[in-house]
Amino acid sequence: MSGRSDDNRLAGTDRPLWTRRRLGVAVLAAALTLGPLAAWAQTQIYDARTKKWVNYDKKKARQYFARNNQLPEAFRRQVVTFRTAEQPGTIIIDGNQHFLYLVQPGGQAIRYGIGVGREGFGWAGIVRVGRTAEWPTWTPPAEMVARDPNAAKWAAGMPGGPDNPLGARALYLYEGDQDTIYRIHGTVEPWTIGLDVSSGCIRMNNDDVIDLHSRIEIGAKVIVLMQGAALYKGV
C-alpha cells in the first residue's frame, strides 16, 4: 500500500487530498487479540483555504454537505498513485483514513471516501466479494434487531429502494463460503462518509458504490486494514 507521500496529491494539483486521525489513548497490545482495541481517534480534514487541519465530526459533516451538496474533496472519487503488491481488482480498505482503494494497473488505484464502523464495531481481515446486489434488501442481523427498535420492524427484511439503508448497491463480504455479515454498500446518508458511524459495514455514497459495483468481480480479494478495532480472521 502506498505511503502518504504517494497518495496525498492528485496528479496536476498541489492541493493536499488526504485526511488524518489524531489519536488518543490506545492499547496496542489488543491488536494481537480477538478483543476490541481501546482507542480514540478524531478524524481531521485539511482546509486548503486556511492551510490547517480541522476536526471533522457528524455535525460539521452534515453542515458541509448541506452547504455544498457534496463531500469534502478528500472523500470524492479520484485516481491516485498507489504502490502495492496486490493484483488489480483488489479492494484495500483503510478505515482510519476513511478510504477504499480499488487497485488498478500501472501503480494506480481508484480511491473512494467511505464511512466505517463506530467505536467497538470496527474490524480487520482478508475476505472476498461473495456476491453483489442492485438495490438490495436489508435484513438486520439478530444482534441489531435486539438492540435497535428501529431495526426490529424490518427483522424479516426491508425491500430495496431509495429509503433502504443499504443504498443502491451492496457487495457481500465472505470468508470462504461463509457470509461474514459485513457489506460494502450505499447509503441514504451521504454526509456520513468520512465518519465512524456504522455497525461494521463499509458505507459509500450511492454514485460511488454504483461505480465500484460496475468494476468489481465476484471473488475479488478485500483487505480491511486494522482500524483500532477487533481483529477479524485472516490478518
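In this text the structure is predicted, and so the values were computed from the model without any measurement. (Residues numbered from 1 in each chain as written. Predicted model: local features only at pLDDT ≥ 70, side-chain atom pairs only at ≥ 80, totals over all residues. Heavy atoms only, no water.)

J.: So, the pairing of strand 14 (residues 221-224): which residues are in play, and what are the values?
T.: Relative to strand 14, strand 5 (residues 91-94) is paired through three bridges, and the arrangement is parallel. In the sheet register, Ile93 faces strand 14, and the bridge partner there is Val224. (Pairing = 2+ DSSP bridges. Helix = DSSP H or I, 4+ residues; strand = E, 2+ residues; numbered from the N terminus.)

J.: How would you sum up the UniProt feature "active site" (unreviewed entry) in the chain? Please name residues and give values.
T.: In the numbering used here, UniProt assigns the "active site" (unreviewed entry) feature to His185 and Cys201. A maximum C-alpha distance of 7.6 Å among these annotated residues, which run over 17 residues, shows that they cluster at one spot. Considered against the largest pocket, the annotated residues that line it turn out to be His185 and Cys201. Summarising the element assignment, His185 is placed in strand 11 (residues 178-185). For His185, a relative accessible area of 6% corresponds to the buried category. (UniProt positions renumbered as here; feature names shortened; annotations may be inferred. 1 Å grid on protein atoms, 1.4 Å probe; cavity = no way out; pocket = protein on both sides within 12 Å on 5 of 7 lines; lining within 4 Å. Buried < 20%, exposed > 50% of the residue type's maximum accessible area, 1.4 Å probe, protein only.)

J.: Tell me what's going on with the confidence of the model for the chain, and back it up with residues and numbers.
T.: Taken residue by residue, the chain gives an average pLDDT of 81. The fraction at 70 or more is 78%. Predicted confidence is poor over residues 1-17, with pLDDT under 50, and the contacts of this stretch with residues over four places away or in other chains come to 40 contacts. Long-range and interchain partners of residues 229-235, a stretch whose pLDDT sits below 50, account for 32 contacts in this model, where long-range means more than four residues apart. (pLDDT = per-residue confidence, 0-100. Contact = heavy atoms within 4.5 Å.)

J.: Summarise the nonpolar core; cite the residues concerned and give the values.
T.: The biggest cluster of nonpolar side chains holds 23 residues, and the ones touching the most others in it are Ile91, Ile93, Leu100, Ile184 and Leu212. For this core, the elements supplying multiple residues, two or more each, are strand 5, strand 6 (99-104), strand 7 (108-113), strand 9 (123-134), strand 10 (169-175), strand 11, helix 5 (206-215) and strand 14. The dominant element in this core, judged by the number of residues it contributes, is strand 9, at three residues. Excluding anything up to four places from it in sequence, Leu100 contacts Ile91, Ile92, Ile93, Ile110, Arg111, Tyr112, Ile114, Ile184, Ile202, Met204 and Leu212. Of all hydrophobic cores here, the second largest spans 18 residues; its members include Ile45, Ile92, Tyr101 and Ile223. (Core = buried A, V, L, I, M, F, W, Y, C linked by side-chain atoms within 4.5 Å.)

J.: Give me the lowdown on helix 5, citing residues and values where you can.
T.: What helix 5 keeps buried is the set Asp208, Val209, Asp211, Leu212 and His213. Residues of helix 5 that are buried in the fold lie against strand 5, strand 6, strand 7, strand 9, strand 10 and strand 11. Where helix 5 begins, the capping side chain belongs to Asn205, and its oxygen is found 3.2 Å from the backbone nitrogen of Asp207. (Polar contact = N/O pair within 3.5 Å; in protein donor to acceptor, adjacent residues only side chain to side chain.)

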